Amino acid sequence: MSLLEVIALTAADARAAQEGGADRLEVVADMAADGLTPDPDVLAAIRDATDLPLRVMLRANAGFRTTGAELDRLRHAAAGLAEAGADGFVLGFLDSFGHVDAAATEKLAAVAAPLPWTFHRALDHAADPAQAWRTVRGLGGGLDTVLTAGSARGVDAGVDVLVRRAAEDPAAAALIMAGGGLRRKHVAVLAAAGVTSFHVGTAVRPDGSWDVPVDPALVAEWRSLVSAAAGG
């Protein structure tokens, strides 16, 4: 079965995404910073607006590094967001050398348990993305999705990397959620390699703008495209 995840900033986004046929929402705030942790009240409003699964961002700054104090705040936030309706989380950190910060990531994932979680595009910004991919694949504690474009520059630049990773084995393909500048032309190529999960944000907003809400008609077009290419 395929999966289409849509970024939602508001309850209106959530309703539109569900109307269009999205399977899951990634709930974030402040897309100017590429997505930060939302307010629990916003999440609660989104939870009231939809019955779709909600993956909620745990990220406190525009970069991918964290500190002990910031991690403590995120751990506290995770508990409040779970109470507000989160079904899972989106997280992931790099250390000062640009390697996956497995200790910080696993510490936050432990607080999220037993809810599942996504390792986000910190992977694409690692100093050695191939090594980072191997590290992420070794993380446990409920990790079931890796949101990746295959490149810090987006799916256009990283599609071949995603195809190679998906070809490693079915478990690798099952982890990958392609997103980050995903375009319609990429879907069939990735689906042929075994990728069945896709993530969109501006692609389902008129003029590709974060300043306007999700358009259910655009979501429906993506839903049909993904279903045709990846099945279900």
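Quick caveat, the model's predicted, so the values are computed rather than measured.

## Some words on the pairing of strand β3 (residues 54–57)
Right, so step 1: Residues of β3 alternate between two faces, with Leu54 and Val56 on one and Arg55 and Met57 on the opposite face, all of them buried.
Right, so step 2: Bridge analysis of strand β2 (residues 24–27) against β3 gives three bridges, and the strand direction is parallel. Residue pairing for β3: Val27 is matched across the bridge by Val56.
Right, so step 3: Remark: the β2/helix α2 (residues 40–49)/β3 crossover connection has right-handed handedness.
Right, so step 4: As judged from the three bridges shared by β3 and strand β4 (residues 88–91), these two strands associate in the parallel manner. Bridge assignment links Val56 to a residue of β4, and that residue is Phe89.
Right, so step 5: For the crossover from β3 across helix α3 (residues 68–84) to β4, the handedness is right-handed.

## With respect to helix α6 (residues 155–168)
Right, so step 1: Between its terminal C-alpha atoms α6 stretches 19 Å, which fits the 20 Å expected from 14 residues at 1.5 Å a residue.
Right, so step 2: A maximum bend of about 30 degrees is found in α6 at Val161.
Right, so step 3: Along α6, the positions that sit buried rather than exposed are Val155, Gly158, Val159, Leu162, Arg165 and Ala166.
Right, so step 4: Taken together, the buried residues of α6 touch α5 (129–137), β6 (143–148), α7 (170–175), β7 (176–178) and α8 (184–192).

## With respect to helix α9 (residues 216–230)
Right, so step 1: With 15 residues, α9 extends 20 Å from end C-alpha to end C-alpha; this agrees with the ideal 21 Å at 1.5 Å per step.
Right, so step 2: Those residues of α9 that sit buried are Leu218, Val219, Trp222, Arg223, Val226 and Ala230. For α9, the angular spread of the buried residues around the axis is 140 degrees, confining them to a single face.
Right, so step 3: In this structure, the buried side of α9 is in contact with β1 (3–8), α1 (11–20), α8 and β8 (197–200).
Right, so step 4: N-cap assignment for α9: the residue whose side-chain oxygen lies 2.8 Å from the backbone N of Ala217 is Asp215.
Right, so step 5: Looking one or two places after α9, you find Gly231, whose phi comes out positive at around 85 degrees.

## Digging into the pairing of β4
Right, so step 1: Residues Gly88 and Val90 line one face of β4 and the alternating positions Phe89 and Leu91 line the opposite face, and both faces are buried.
Right, so step 2: Sheet topology note: the β4/strand β5 (residues 117–119) ladder contains three bridges and is parallel. Paired with Phe89 across the bridge in β5 is Trp117.
Right, so step 3: Remark: the β4/helix α4 (residues 102–112)/β5 crossover connection has right-handed handedness.

The rules behind these values
- Residues numbered from 1 in each chain as written.
- Predicted model: local features only at pLDDT ≥ 70, side-chain atom pairs only at ≥ 80, totals over all residues.
- Heavy atoms only, no water.
- Buried < 20%, exposed > 50% of the residue type's maximum accessible area, 1.4 Å probe, protein only.
- Helix = DSSP H or I, 4+ residues; strand = E, 2+ residues; numbered from the N terminus.
- Pairing = 2+ DSSP bridges.
- Right-handed = clockwise from strand over helix to strand, strands pointing away.
- Expected span 1.5 Å × (residues − 1).
- Bend = angle between axes of the 7 residues up to and from the residue.
- Contact = heavy atoms within 4.5 Å.
- Arc of directions from axis to C-beta.
- Polar contact = N/O pair within 3.5 Å; in protein donor to acceptor, adjacent residues only side chain to side chain.

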